[in-house]
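# An overview of the molecular structure
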Amino acid sequence: KAIFQARRDLVVSMLNQAKGIACPSPEGAFYVYPSCAGTIGRTAPSGKTIADDQDFVSELLETEGVAVVHGSAFGLGPNFRISYATSEALLEEACRRIQRFTASLG
């Protein structure tokens, strides 16, 4: 339990440092559902304007190679879903890439 709490806390902390992302701390499960509302209307490095959470996850995958699921699939747009049921090293790298991606938005 302590290991998963540490992973959750790492992901929540790092995502809340990403420009335009707000990540509440979940009470259960192995997922966080951060909001990407602060990125909507911004321009991705590809030149595409992010219109919704689906655009956000597509551009994140294309730009940084990070696969997340758009929250609309669960009725939770404009959020996206990340599982923290993996190693801290992988989570830290993914969160660094998300931070880099959001910082690159115009």
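Residues numbered from 1 in each chain as written. Predicted model: local features only at pLDDT ≥ 70, side-chain atom pairs only at ≥ 80, totals over all residues. Heavy atoms only, no water.

### A word on the overall build of the chain
Scanning the chain from terminus to terminus reveals 3 helices and 3 strands. Radius of gyration (C-alpha) of the chain: 13 Å, near the 13 Å computed for a compact globule of 106 residues. Principal-axis analysis of the C-alpha atoms gives the chain an extent of 40 × 25 × 20 Å. Burial status across the chain gives 38% buried among its 106 residues. (Helix = DSSP H or I, 4+ residues; strand = E, 2+ residues; numbered from the N terminus. Rg over C-alpha atoms; globule rule 2.2 N^0.38 Å. Buried < 20%, exposed > 50% of the residue type's maximum accessible area, 1.4 Å probe, protein only.)

### A few points about the sheet that holds strand β3 (residues 80-83)
Taken together, 3 strands build an open sheet; the order of strands is β1-β3-β2 and the sheet is antiparallel. Either end of the sheet is taken by a strand with one partner, and the two such strands are β1 (31-32) and β2 (69-70). Pairing of β1 with β3 involves 2 bridges; the strand directions are antiparallel. Paired with V32 across the two strands is I82, which belongs to β3. (Pairing = 2+ DSSP bridges.)

### Side note on the nonpolar core
Counting residues in each nonpolar core, the largest one holds 25 residues, and the members touching the most others are L15, V32, F56, F80 and I98. Of all the elements, helix α1 (residues 2-16) adds the most residues to this core, at 5 residues. When sequence neighbours within four positions are dropped, the list of residues in contact with F80 reads I21, V32, Y33, P34, C36, F56, V57, V68, V69, H70, G71 and I98. (Core = buried A, V, L, I, M, F, W, Y, C linked by side-chain atoms within 4.5 Å. Contact = heavy atoms within 4.5 Å.)

### What about the pairing of β3?
The side chains of a regular strand alternate, first on one face of the sheet and then on the other. Alternating positions in β3 separate cleanly, F80 and I82 being buried on one face and R81 and S83 remaining unburied on the opposite face. As paired strands, β2 and β3 are joined by 2 bridges and run antiparallel to one another. Residue pairing in the sheet places H70 in a bridge with F80 of β3.

### Digging into unusual backbone geometry
In this structure, P78 follows G77 across a cis peptide bond, with omega equal to 5°. Phi is positive for A29, close to 60°, though the residue is something other than glycine.

### So, the pattern of salt bridges
One pass over the full model with this rule turns up 6 salt bridges. R100 is the salt-bridge partner of E64, the closest N and O atoms lying 2.5 Å from each other. Taken together, the positions of E64 in helix α2 (residues 53-64) and R100 in helix α3 (residues 88-104) put the pair 36 residues apart, joining distant regions of the chain. The exposure class assigned to R100 is partly exposed, which follows from its relative accessible area of 47%. Here E92 ties to R96 by a salt bridge, and the two come within 3.2 Å at their closest N and O atoms. (Salt bridge = Lys/Arg side-chain N within 4 Å of Asp/Glu carboxyl O.)

It is worth stressing that arrangement in space is one thing and function is another; only the former is reported here.
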